Structures are given as C-alpha cells and as structure tokens.
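The lines below spell out each chain.
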Amino acid sequence: VRFDRGGAYATGVTGRLLGGDTTIAVSPTSDLTSLLIEADGMLSASDAVETFEIPIEGRANGVTPYQARLKLPRRKPDAPLDATRSPITVSLTSDLQGVEIDLPYPVGKSAEASADLRMSLAIGDVIDGRVRLAPLVDVVAEFARTDGEPLQFDRATVHLGEGEALRSSAPGLFIDGVIDRLRLGDWLALRQEGSSGFMDLLQSIAVEVDDLYVFGQRVLAVSGTLQRSGDDWLIDVQGPSVAGTIA
C-alpha cells in the first residue's frame with residue numbers, strides 16, 4: 001500500500017470477502033474526492049445473503065465470480081465535523097453462474113444457468129439499494145435505522161418484466177409487473193414450508209399474467225391482486241374468462 005497527497009494506492013492485494021478469494025485494488029478517484037476500492041473474485045451466495053440481509057436465507061447456495069466497486073467519499077479539509085457527508089456507494093455485478101436460487105419462477109435458477117445480476121447501494125443514514133436480475137426482475141429497497149438500532153429492512157418493491165421498480169411509500173414488500181406465467185401456489189407454499197423470509201414481509205402483489213395457475217386452475221390473460229389481510233390473503237382475479245375475489 002502506498003500513500004501520497006492524493007490518497008492511498010494498492011494493487012494485487014488478496015484476501016477473503018463475501019466467503020471467497022478476492023483480489024483488491026485501491027486508488028483515489030480522478031477528482032480526488034473519493035477513495036475507490038475495486039474487488040474481483042469469487043463470492044459465496046449464502047455469505048452474500050447474510051451480509052446484505054437479503055430475506056431468502058437458505059435458498060441461495062453456491063459460489064460465483066463477481067466484480068465490485070466501493071467508493072468512499074473524502075471529507076473536505078475545511079468542512080465542519082458535523083457536515084453531511086456524501087453516501088458510500090457500492091456496485092456489484094455477476095453472472096451468478098454456479099449459484100442455485102431455490103425460489104419459484106421468475107426468480108429461481110439452477111446452478112448451471114447464468115443470470116445478469118447488477119446491484120447498487122448508497123449507504124448513509126439509510127441504505128438505498130437497487131438490484132437487477134435480468135431479464136425479468138428489478139428490485140428497489142430501503143434499509144433504515146430506528147431508535148439507535150442497527151439498519152434493518154424497511155421497504156422494497158419487486159417489479160417483474162420490462163421496466164424498473166418504483167419506490168414504495170409504505171413499509172413492507174410489494175410486487176408488481178407483467179409476466180408470462182405465474183404459479184401463485186408455489187410462492188404461497190414457501191410460508192407453509194417454514195421458509196417465510198420475505199413472505200412475512202409481503203404486503204401485496206399486483207400483476208398481469210399471460211398464464212396464471214391458482215388453486216389448481218389455469219387462467220389465461222388475467223390481471224390479479226393479492227392483498228394481505230391479517231394472517232390471510234384476499235385474491236382478486238380479472239380476465240376474459242374469469243372474474244372474482246377469493247378470501
């Protein structure tokens with residue numbers, strides 16, 4: 001590691017990060033306002049799930065190559081100690097080859113399959129994050145701190161299909177979008193299997209589906225909403241061949 005007036009420099013530093021071997025390089029940004037740390041290596045899916053508090057514990061396993069960038073803003077010499085600092089930013093990319101995600105379509109994948117993962121985080125008083133699992137899933141999430149407690153999950157929107165997820169104005173997990181097929185029972189079964197995780201956080205689903213399987217029935221070209229009501233769900237389905245509400 002080398003230091004000068006511009007900052008710190010290092011190349012070829014090796015170590016362990018996110019459960020895998022990693023090579024790290026350190027340098028100041030070209031405008032000298034931040035310290036840039038670049039990592040290239042292998043990550044363990046289970047370690048990443050735990051580190052980033054992703055609510056799918058036990059359902060992502062394996063190791064995969066990744067590249068990451070961590071940008072640490074520098075405080076200006078003349079700035080007061082209590083001045084608001086720019087957030088720390090983190091970006092991570094991977095093809096997820098080697099990782100199995102044991103979740104229903106469209107999120108789940110085999111270890112042999114690849115999926116373009118792009119994640120970005122802005123870390124300040126809260127953590128704002130976006131995760132894109134191409135081509136069908138986009139997630140925007142926020143982690144917040146209350147009463148001096150560690151940062152915890154607050155809210156997220158999962159968008160299925162083309163386009164980007166919009167930030168939720170309310171706490172909890174919300175799913176929307178347009179998708180070619182959906183087996184609703186597979187998702188609801190996660191909670192019955194004791195794999196509650198994000199299902200405990202889920203507040204609503206509002207999707208348009210070309211091919212929907214629900215309660216043993218196949219329905220084509222429908223829009224549907226699933227709304228939490230205490231420990232139960234209210235399901236509303238509308239389409240050319242079916243319309244109704246299930247409580």
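Because the structure is predicted, anything quoted here is derived from the model rather than measured.

Things to note about the side chain of D211
Then step 1. By the secondary structure assignment, D211 is in strand β13 (residues 202-214).
Then step 2. Look at D211 and you get buried, because its relative accessible area is 14%.
Then step 3. Polar contacts involving the side chain of D211 include one to the side chain of R218, which spans 2.8 Å.
Then step 4. Once residues within four sequence positions are removed from consideration, D211 is found in contact with D180, R181, L182, R218, V219 and L220.

Observations concerning the packing of aromatic side chains
Then step 1. This structure, assessed with the given rule, holds one aromatic pair.
Then step 2. In this structure, R181 is placed above the aromatic ring of Y105, and the distance from its NZ or CZ to the ring centre is 3.6 Å.
Then step 3. Note that R183 overlies the ring of Y213, its terminal NZ or CZ placed 3.9 Å from the centroid.

With respect to the pairing of strand β10 (residues 137-144)
Then step 1. With seven of its eight residues buried, β10 lies for the most part within the structure.
Then step 2. In this structure, strand β9 (residues 127-133) lies alongside β10, joined through seven bridges in antiparallel fashion. Across the sheet, G129 pairs through a bridge with A141, a residue of β10.
Then step 3. As paired strands, β10 and strand β11 (residues 152-160) are joined by eight bridges and run antiparallel to one another. Within β11, the residue paired with A144 across the bridge is Q152.

Thoughts on unusual backbone geometry
Then step 1. Backbone torsion omega between Y105 and P106 reads 10°, so that peptide bond is classified as cis.
Then step 2. As for its position among the elements, P106 is in the loop between β7 (99-101) and β8 (117-123).
Then step 3. For the peptide bond that leads from A134 to P135, omega is 10°, which places it in the cis range.
Then step 4. Checked against the element boundaries, P135 lands in the loop between β9 and β10.
Then step 5. Despite not being glycine, L18 shows a phi value in the positive range, around 55°.

Each value, and the rule that gives it
Residues numbered from 1 in each chain as written. Predicted model: local features only at pLDDT ≥ 70, side-chain atom pairs only at ≥ 80, totals over all residues. Heavy atoms only, no water. Helix = DSSP H or I, 4+ residues; strand = E, 2+ residues; numbered from the N terminus. Buried < 20%, exposed > 50% of the residue type's maximum accessible area, 1.4 Å probe, protein only. Polar contact = N/O pair within 3.5 Å; in protein donor to acceptor, adjacent residues only side chain to side chain. Contact = heavy atoms within 4.5 Å. Phe/Tyr/Trp six-rings, centres within 6.5 Å; stacked < 30°, edge-to-face > 60°. Lys NZ or Arg CZ within 6 Å of the ring centre and 35° of its normal. Pairing = 2+ DSSP bridges.

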